[in-house]
Structure formats: structure tokens, C-alpha cells
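# Coordinate inspection notes
Spelled out, the chains give:
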Amino acid sequence: AFFLYMAHACVSSFVCDPQPSGQSTLRTYPDIECWAADHAGLIVVAVVFVVVVLAPFLAGCWYVTTVSSTGYRGRFLLLSWSPSGKKFGVLRLARDLVIAFVPMVVDAAALSPLHALVFVHFLLGAWACAVARAQPWAVRVMNWVDVVFTR
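Conventions and cut-offs
Residues numbered from 1 in each chain as written. Predicted model: local features only at pLDDT ≥ 70, side-chain atom pairs only at ≥ 80, totals over all residues. Heavy atoms only, no water. Disulfide = S-S within 2.5 Å. Helix = DSSP H or I, 4+ residues; strand = E, 2+ residues; numbered from the N terminus. Buried < 20%, exposed > 50% of the residue type's maximum accessible area, 1.4 Å probe, protein only. Axes fitted to C-alpha atoms, helices over the stretch in contact; angles between N-to-C directions. Parallel < 35°, antiparallel > 145°, perpendicular 65-115°, else oblique. Contact = heavy atoms within 4.5 Å. Nonpolar A, V, L, I, M, F, W, Y, C, P; charged D, E, K, R; others polar. Salt bridge = Lys/Arg side-chain N within 4 Å of Asp/Glu carboxyl O. 1 Å grid on protein atoms, 1.4 Å probe; cavity = no way out; pocket = protein on both sides within 12 Å on 5 of 7 lines; lining within 4 Å. Points joined across faces, edges and corners; volume = space filled by probe spheres on them. pLDDT = per-residue confidence, 0-100. Core = buried A, V, L, I, M, F, W, Y, C linked by side-chain atoms within 4.5 Å.

With that out of the way, let us pick up the state of the cysteines. Under the definition given, this model contains 1 disulfide. Cysteine 16 shares a disulfide with cysteine 34; S-S distance 1.9 Å. Across the disulfide from cysteine 16 to cysteine 34, rotation about the S-S bond amounts to roughly -115°, and the bridge is consequently left-handed. Within this pair, whereas cysteine 16 is found in strand E1 (residues 16–18), its partner cysteine 34 is found in the loop between strand E2 (24–26) and helix H2 (37–66), the two being separated by 18 residues in sequence. Looking at cysteine 16, the relative accessible area reads 8%, which means it is buried. With no disulfide of its own, cysteine 61 lies 16 Å from the sulfur of cysteine 10, the closest cysteine sulfur.

Quick look at the structure:
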């Protein structure tokens, strides 16, 4: 949940809404005009955060799950998953990252919110099908809890 929140915070610096006056403002901070001087600082912080924190964290998690002898450092990624489903921890982070980027893509492509809803619905449906098929959780009942609450 923390990873999704941080990714969404970075993406929110790029989502602008048009105003009746003709200018665009940030959706999260309506008093900041998009692509103006105040907005440039937010963009720099968001890009640096993605490059310095989010991308290395995701890459490090992927490395930990692909190396079999991770030791104590990788337990938070591997403990919940069965040995055959240990990559689902990173796949879940990647899924959350894609969900966080949906508002930015919809805004940049001038799509309707319905397109975003349909995309997220199919993404979560694919995740639920993958969990139902692979049964990656170490505790068997969690597979079905994940499928039910993801949909």
C-alpha cells in the first residue's frame, strides 16, 4: 500500500485539469497552474523520487525474488508467498505501479475516465485470474481472499 501511495503521489504532479479561464491546474493542488514556475519544482521532485526511490526499490525487489539465497533481507517479500509463487510479491508492486500511472496516461491521451475504469477493471481481473490459477499465497485461504477482494 505504501508503494502505491508513493507512486500515486509522484504521478499526481503530472495530472492537470482544464479550468474555465483557459488555464490548466493540478488536480491535487488547484492553486498551482500546470507547466508554470511553481509546477516545475513539483515535476523535478517527482521525477527524482521515481528515479532515486521507486525504480531502485522495484528493481531491488525483483533481484531479491530472483536470487534464491536472499537471507534475512528479503523475507518481507518472500514470507507471504509459496516457493512457487515468490515472484508475485514483485508482480503485485508492478501492478500497483501501473494502477498509479493510469490517471496520468488518461490525462495525457485525453481519454475519458470510463477508459481508465475499464483498464483498471481488466487489470485487476487479470490479477485475480492469475492468483486463482497459480495459488501463490503460502496460506491457502489467502488465495481466495485475494481473488474475492481484488474484484
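As a further point, take the packing of helix H4 (residues 88–108) against helix H5 (residues 113–134). At a closest axis distance of 10 Å, the pairing of H4 and H5 adopts a crossing angle of 170°. Our classification of the angle between H4 and H5 gives roughly antiparallel. Residues Phe88, Leu91, Arg92, Arg95, Val98, Ile99, Val102 and Val106 of H4 touch H5, and the partners they reach there are Ala116, Phe119, Val120, Leu123, Leu124, Trp127, Ala130, Val131 and Ala134. Class assignment of the residues belonging to the contact of H4 with H5 gives a composition of 15 nonpolar, no polar and 2 charged.

We now examine the pattern of salt bridges. Summed over all chains, the structure comprises 3 salt bridges. The partner of arginine 27 in a salt bridge is aspartate 17, with the nearest N and O atoms 2.9 Å apart. In this pair, arginine 27 is assigned in the loop between E2 and H2 and aspartate 17 in strand E1, connecting sequence segments 10 residues apart. For aspartate 17, a relative accessible area of 23% puts it in the partly exposed group. Close ionic contact of arginine 95 with aspartate 96 constitutes a salt bridge, the shortest N to O distance being 3.1 Å. For arginine 95, a relative accessible area of 12% gives the class buried.

Attention now moves to the layout of surface pockets. Its volume calculated, the second largest pocket comes out at about 160 Å³. Together, Ala9, Cys10, Ser12, Ser13, Thr28, Tyr29, Leu42, Val45, Ala46 and Phe49 line the second largest pocket. Contributing elements (two or more residues each) for the lining of the second largest pocket: helix H1 (2–11) and H2. At 4 residues, the largest contribution of residues to the lining of the second largest pocket is made by H2. When grouped by side-chain class, the residues that make up the lining of the second largest pocket number 7 nonpolar, 3 polar and no charged.

A separate point is unusual backbone geometry. The backbone of tryptophan 35 shows a phi angle near 60°, a positive value even though the residue is not glycine. Relative to the assigned elements, tryptophan 35 resides in the loop between E2 and H2.

In this section: the confidence of the model for the protein chain. Summarising the model, the protein chain shows a mean pLDDT of 83, and 91% of its residues fall at 70 or more. Across the protein chain, element-level confidence peaks in H5 with a mean pLDDT of 90 and bottoms out in helix H3 (residues 75–78) with 66.

With that settled, the discussion passes to the nonpolar core. Membership of the largest hydrophobic core is limited to 11 residues, which are Phe3, Met6, Ala7, Cys10, Ala46, Leu54, Leu58, Cys61, Val90, Leu93 and Ala100. Every element with two or more residues in this core is listed here: H1, H2 and H4. Beyond its immediate chain neighbours, meaning those up to four positions away, leucine 58 contacts Phe3, Val90, Leu93, Ala94 and Leu97. With 7 residues, the next largest nonpolar core counts Trp81, Trp127, Val131 and Val147 among its residues.

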